[in-house]
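# Breakdown of the fold
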Amino acid sequence: MDGERFQQGQALLREGRWAEGWPLLDTRVRLAPDLVPPGPATYPEWMGEPLEGRSILVWIEQGLGDQIMFGRFATLLKARGAGRVTLVCRPPVAPVLETIPGVDAVVAIPVNGSAPIPRHQLWTRYFSLPARLGITLETLPSDPYVRAPHPRPAGQGFGLVWRTSVTGGVAHAKTLPEAQARRLAELGAVSLHPEDTGARDLGETADIISGLRLVVSVDTAVAHLAGAMGKPVWILLHRPADWRWLDEARTDSPWYPSARLFRQKTPGDWEPVVSQVLAELRG
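Structural notes, computed from the coordinates. Since we're looking at a predicted model, the values are computed, not measured.

### Things to note about the pattern of salt bridges
A side chain with one charge can pair with a side chain of the opposite charge if their charged atoms come near. Going through the model one piece at a time under the given rule, you end up with 18 salt bridges. Arg200 is the partner of Glu204 in a salt bridge, and the nearest nitrogen-oxygen pair spans 2.5 Å. Since its relative accessible area comes to 70%, Arg200 is described here as exposed. Sharing partners across several salt bridges, the network here consists of Asp26, Arg28, Glu45, Glu61 and Arg132.

### Things to note about the nonpolar core
Counting 81 residues, the largest nonpolar core has Leu77, Leu87, Leu236 and Trp255 as its most contacted members. Sorting elements by how many residues they give to this core places helix α12 (residues 221–229) first, with seven residues. With residues up to four places along the chain from it excluded, the contact list for Leu236 reads Leu176, Leu184, Val216, Ser217, Val218, Asp219, Phe262, Trp270, Val273 and Val277. In terms of nonpolar packing, the next biggest core, distinct from the first, is built from eight residues, Leu57, Val107, Ile109 and Trp123 among them.

### Topic: the sheet that holds strand β6 (residues 190–191)
Read from one edge to the other, the open sheet built from five strands follows the order β6-β5-β7-β8-β9, with strand pairing classed as parallel. The open sheet has two free edges, formed respectively by β6 and β9 (259–263), since each of these has just one partner strand. Pairing analysis gives four bridges linking strand β7 (residues 214–218) to strand β8 (residues 233–237), with the strands arranged parallel. Looking at the pairing, Val216 lines up with Trp234 of β8. Helix α13 (residues 271–282) rests against β5 (158–161), β7, β8 and β9 of the sheet, and its axis sits at about 140° to β9.

Procedures and definitions
Residues numbered from 1 in each chain as written. Predicted model: local features only at pLDDT ≥ 70, side-chain atom pairs only at ≥ 80, totals over all residues. Heavy atoms only, no water. Salt bridge = Lys/Arg side-chain N within 4 Å of Asp/Glu carboxyl O. Buried < 20%, exposed > 50% of the residue type's maximum accessible area, 1.4 Å probe, protein only. Core = buried A, V, L, I, M, F, W, Y, C linked by side-chain atoms within 4.5 Å. Helix = DSSP H or I, 4+ residues; strand = E, 2+ residues; numbered from the N terminus. Contact = heavy atoms within 4.5 Å. Pairing = 2+ DSSP bridges. Axes fitted to C-alpha atoms, helices over the stretch in contact; angles between N-to-C directions.

Limitation: the analysis is restricted to geometry and does not speak to function.
Okay, here's the thing in structure tokens:
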């Protein structure tokens, strides 16, 4: 039953029926405890009631890109009366989340690790925020909301991310084959993979992105980072794409106005997608 409700929720969200879809995502807590670990048990979970100056902790869940994408709602928590807003996240994304307006503190917890967390009056999870805040397509905050900790002068190059974390559920489907990645690299792309840049976290990756004119990325954390910064980003999507990218016919994203979506027409076939990107880059 939980699995069916979760799938139904994703289908509704893909159709843009967010008011109906968000509540059904609550089933993820039981379906994926490894991705959605238990929250604090010593104070109440926020269910959308008036905040009235109370402190609220946003508990860790999902991946780095998800934490960037849903971190935007911290600003709304503050605007709606939260006295103190703390985000709990994985270490690589902490320097980025610290730049979000309205965030008072960030606590970074490594996988299988721990960290001291001050007591708060309420807690919630990243993916619970849209339902509790009543977010729809029409009310989604979409202005840039993160910045590079140490921005660089703007340049003309473009950055490239062609593979995702191997721990992702559909990492293989999201990743470009080496031959297709090479076609883009040969056009002068700057690799944004940390093993090539030396970046120690996504804050340092944001610094690099700030000096580029464009980011070309598969569906992974750097795509969310560039979009959240307001940097032009072309996101290459496998088929079927995740629910957050909405209808398969869309080439834009309400989450990131600076994004342009390039979608597979046939599952697994990246050649037409890369050819279209190359034509646009050369044009």
